[in-house]
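In case you want the letters, here they are:
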Amino acid sequence: MRMVRTSSMLSQLGLPDVAGFPTGADNPVVAIHSQREVTSLQPLSALGCSHKSFFKTVSEVSDVTEPTHDQLMSRIANALNLKKKQVRGTVDLLDEENTVPFITRYRKEKTGGLDEEKIRSIQRLLTEYRELEDRRGKVLHSISEQGKLTDDLRAAIEAADSLKRLEELYAPFKSKRKTRADEAREIGLGPLADAIWSGRVPDSAIETVAGSIVGKHPKLESCDAVRQGVIDILAAQIAENVEVRDVVRSTARKSGVMTSKLVESSKHAKTFQDYNGFSQAVDKLPPHRVLALDRGEDRKALKVSVEWDQELARTRIAGLLDLRHHVASEFLSQCVNESLKRLINPSIERELRREATEAAQQHAIDVFSANLRQLLLQPPLLGKKVLAIDPGYRTGCKVVVLDEGGTPVADDVLQLTKSEALTEQREKFVQLVQDHGIEVVAIGNATASRETQEFVSGAIQECQLTCRYVIVNEAGASIYSASDAGREEFPELDATVRGTISIGRRLQDPLSELVKIEPRHIGVGMYQHDVAEKHLKTSLDDVVESCVNTVGVDLNQASAELLKYVSGLNRSTAKAIVSHRQEHGPFQTRKQLLDVSGIGDATFTQAAGFLRIREGDDPLDATWVHPESYPIAERLLTQAELPAESLRTGRIPPEIADRIASFTLEQFSGDFKTDAYTFSQVLESLLRPGRDPRDELPQPLLRTGVLTIDDLAMGMELNGTVTNVVDFGAFVDVGLKNDGLIHISKMSTKFVSSPLDIVAVGQPVTVWVDSIDKQRERVGLTMLKPAE
């Protein structure tokens, strides 16, 4: 009797009687389910209650509709608030493999005068959008081949504006490991789940229907097993619903709180003690704190989690799916809870953590890049003889004498930590200074730096030497000394001597020396070891490239390590230029670059304007004028009656400079055809032929004395140099053993969103002592006068 009632009930509900059917593909229940594949979820009010079919007919997919080139240009222009014409011109130049520095300086007529930052933004978005379109096409093709591409799904995929959104839509159709929902479908529970979802099985009948299925498969041993299987299926469907995930995501972003708990047994527990019981809103977390939490978790010292308002999330999902009016609202609420707990919440938590980490890493890279740019663009200390010192305890301090061009002349070792030999060492130091006419002493800032400063300061004052000293950041010097570049440059010298040479040359010409070191090893960041190495390298390489091409390069002096960053060149062509120079002597004209192996017309066009020849045959080769504009420059020189030789010296008589500045494009319309941007660039290059943007920056702060923390008093005025800029402030070398800190709140009487808006690495600053902690040897500084 029971079987008859059960069969009748199943028939009324539109479900087959599963009794006696085998499991797997031969089971009619499984077969029915496979024919009625769920491709998307809709609000339940639109389903069972109104008798609308939940399953949509699969439509044939035509070729992928990719945005036209014009649409892509419009999208980028809107995103960056630029004119479409500017974007189109820039993209065309990028597609023709022109470099960003070349486009920025020599193709302003095509970009409408866009600066380097805007051009790199266009380049970045262009890459992102093209990757998105490529992936969109593959996703549509994959789902279409599965026969599951509906019109609505296709529209959603074509509307996806990010890879993350695209992958979320594609997730239900990816090949993946077997889930609990898959196992439940395999044993025949799919049709029952569909019936409940579509409103054909109310809460009151679920237990009876579940009981009728018990025993029809070995795994269906109880009503609870049936119910759990159906819950697994529907929980998976709910979790794959993009709108449901959006609801949970927005709830988590608004109410999410990141918390951490200390793992007492960790060997790093003491380091992260401050984060025990930590809690802060996700949208308020500063980048440096996110990276600190990630670091603590990576070292197994912290357990980090994100919590948000679960009740609000459940309420919003119920409203979205209209569960209140569904005949199986109680059962579906259980499915929602299961979906949240086991599938959606862990996924959203990982997503929020990943987004926070990516944003924090990008911020750290941006800060590092800004600091690196300022460090690379520090003004060179030209024409000075330098005594470089690499401080050390056990093996002594390595010293190298460098002439005005950075060539090592002599080297020695000073033992400064042995008190019994100090008199003898001082005499040796004074002898080196006097014999070689040393003007500046460059002291590395690592181990024994403080003792070396005291020694040098004492010698300068007691022996009345005319030289001064400066502290140099020696980060990466040891890496350079053992690198291929170091060995190639000074094969006969010891690694310690090469490292000391690097310290001295960083003062003489920071850009030329620092490019020999991987940018990430230059110590001007704070969290560079916490970020993705590949992303960091790409960003920092762009900074180095930008700086090198902003300053320009002396073709007859530059090393291969510097030349490789010049627009259009690479490591191979840079080495070829150096080899050609060694074999044939200095270049006399830019055109001779075409004689170098591997350099053709295209490379020459990209590189020539950034390579200068100061003592060559053509004075224009010493300027920023590109060879393609020489006819324009020559006509202007003739009209201005300016001797071309003045371009080499950089000294333009005032009356001639005024004459050049008064020239207009209309005056020369009959002589040559060019655009306003190129004409202006040529004029500027003639007015300032040897311009080096670094010349406009203040020189490094040179010292004679040394300062101790005992010498300080509250409110004391000091002069110092910014050594590093971070989120919460800036570190300043004021002559103490440790750098002082200017907190961001002490930089201005007005609100400061970023310390980088106020100070930069290498910038001389006047500060006042704000706090003194002798026990920890920490000094707080302020840029606000005490009276203020």
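Coordinates for the structure precede this section.
Residue numbers here run from 1 along each chain, matching the order of that chain's written sequence. pLDDT decides what is reported in this predicted model: residues at 70 or higher carry local features, side-chain atom pairs at 80 or more are listed and counted, and totals for whole chains, interfaces and linings draw on all residues regardless. The side-chain values count all of the structure's non-hydrogen atoms but skip hydrogen atoms and water molecules.

**Q** Could you clarify how one ought to interpret the pairing of strand E4 (residues 386-390) in this entry?
**A** Within a regular beta strand, the side chains point alternately toward one face of the sheet and then the other, so they alternate between its two faces. In terms of residue burial, E4 counts as a mostly covered element, since four of its five residues are buried. Pairing between strands is defined by DSSP: at least two bridges between the two strands are required. Under the DSSP-based scheme used, a helix requires at least four consecutive residues in state H or I and a strand at least two consecutive residues in state E, with every element numbered from the N terminus. Relative to strand E5 (residues 397-402), E4 is paired through five bridges, and the arrangement is antiparallel. Across the sheet, residue isoleucine 389 finds its bridge partner in E5, namely valine 399. Where E4 hands over to E5, the hairpin turn is made up of six residues, of which glycine 396 adopts a positive phi near 85°. Note on exposure labels: buried denotes an accessible area under 20% of the residue type's maximum, exposed denotes more than 50%, and partly exposed covers the range between, all computed with a 1.4 Å probe on protein chains only.

**Q** Can you help me understand the packing of aromatic side chains in this one?
**A** Each aromatic pair joins two rings of Phe, Tyr and Trp (for Trp, the six-membered one) with centres within 6.5 Å, and gets the label stacked for planes under 30 degrees apart, edge-to-face for over 60, and tilted for any other angle. Scanning the entire structure with this criterion turns up ten aromatic pairs. Between phenylalanine 429 and phenylalanine 455, the aromatic rings sit 5.6 Å apart at their centres with planes inclined by 75°, giving edge-to-face as the arrangement. With phenylalanine 429 in helix H18 (residues 422-436) and phenylalanine 455 in helix H19 (residues 449-462), this pair connects stretches of sequence that are 26 residues apart. With a centroid separation of 6.3 Å and an interplanar angle of 85°, the aromatic rings of phenylalanine 728 and phenylalanine 731 are classed as edge-to-face. With a relative accessible area of 22%, phenylalanine 728 lands in the partly exposed category. For phenylalanine 731, a relative accessible area of 22% gives the class partly exposed. Put simply, the rings of Phe102, Tyr106, Phe610 and Trp624 pair up and form one aromatic cluster. In this structure, arginine 75 packs its charged tip against the face of tyrosine 129, placed 5.0 Å from the ring centre. Over the ring of tryptophan 624 we find arginine 612; its NZ or CZ atom is 4.8 Å from the centre of that ring. Only when the NZ of Lys or the CZ of Arg is both within 6 Å of the ring centre and within 35 degrees of the ring normal is a charge said to sit over the ring.

**Q** How should I be thinking about the packing of helix H7 (residues 116-145) against helix H9 (residues 163-170) in this particular structure?
**A** Describing two packed helices takes the angle between their axes plus the distance from one axis to the other. Only the stretch in contact is used when fitting a helix axis, every axis being a line fitted to C-alpha atoms; angles between N-to-C directions are given from 0 to 180 degrees. The interhelical angle for the contact between H7 and H9, taken along N-to-C directions, is 5°, at an axis separation of 10 Å. If you check the angle between H7 and H9, you find them roughly parallel. Here H7 contributes Glu131, Leu132, Arg135, Arg136, Val139, Ser142 and Ile143 to the contact with H9, which in turn contributes Leu163, Leu166, Glu167 and Tyr170. Residues are grouped as follows: Ala, Val, Leu, Ile, Met, Phe, Trp, Tyr, Cys and Pro are nonpolar; Asp, Glu, Lys and Arg are charged; all remaining types, including Gly, are polar. Among the residues forming the contact of H7 with H9, the class breakdown is six nonpolar, one polar and four charged. Comment on the angle field: the value is read as roughly parallel under 35 degrees, roughly antiparallel over 145, roughly perpendicular from 65 to 115, and oblique elsewhere. By definition in these notes, contact holds between two residues if any of their heavy atoms fall within 4.5 Å.

**Q** Teacher, can you tell me more about the nonpolar core here?
**A** The biggest cluster of nonpolar side chains holds 129 residues, and the ones touching the most others in it are Ile196 and Leu563. Sort the elements by how many residues they give to this core and helix H17 (residues 329-376) lands first, with 16 residues. For isoleucine 196, the residues in contact, after removing those within four places along its chain, are Val201, Ile206, Val230, Leu234, His326, Ala328, Phe331 and Leu332. We define the nonpolar core as a collection of buried residues of types Ala, Val, Leu, Ile, Met, Phe, Trp, Tyr and Cys that are connected through side-chain atoms lying within 4.5 Å of one another.

**Q** Is there a simple way to explain the sheet that holds strand E14 (residues 764-773) in this structure?
**A** Two modes of strand pairing occur in sheets, parallel and antiparallel, and in both the strands are linked by backbone hydrogen bonds. Around the barrel, which closes on itself, the five strands sit in the order E11-E12-E13-E15-E14 with mixed pairing between neighbours. Pairwise comparison of adjacent strand axes, ignoring direction, gives a mean angle of 50° for this sheet. Examined bridge by bridge, strand E13 (residues 740-743) and strand E15 (residues 778-782) share two bridges and lie parallel to one another. The residue of E15 that forms the bridge with leucine 741 is glycine 780.

**Q** How do you make sense of helix H15 (residues 287-298) when you look at a structure like this?
**A** Helical geometry: 3.6 residues make up each α-helical turn, so side chains three or four residues apart lie on a common side. The end-to-end C-alpha distance of H15, which contains twelve residues, comes to 17 Å, matching closely the 16 Å that a straight helix rising 1.5 Å per residue would cover. Of the residues making up H15, those classed as buried are His288, Val290, Leu291, Ala292, Leu293, Asp294 and Gly296. Residues of H15 that are buried make contact with strand E1 (257-262), strand E2 (278-281), strand E3 (302-307) and H17. Lysine 300 occupies a position one or two residues after H15 and carries a positive phi of about 60°. Expected helix span is taken as 1.5 Å per residue step, with the number of steps being one fewer than the number of residues.

**Q** What is the right way to look at the sheet that holds E5 in this model?
**A** Reading across the sheet, the five strands line up as E6-E5-E4-E7-E8 and stay open at both edges, with mixed pairing between neighbours. Single-partner strands in this sheet number two, and they are strand E6 (408-414) and strand E8 (468-472). Strand-to-strand twist in this sheet, taken as the mean axis angle between neighbours without regard to direction, amounts to 20°. Pairing of E4 with strand E7 (residues 440-444), which is carried by four bridges, proceeds in the parallel orientation. When the sheet's bridge partners are listed, leucine 387 is paired in E7 with valine 441.

Bear in mind that shape data such as this cannot, by itself, settle questions of function.
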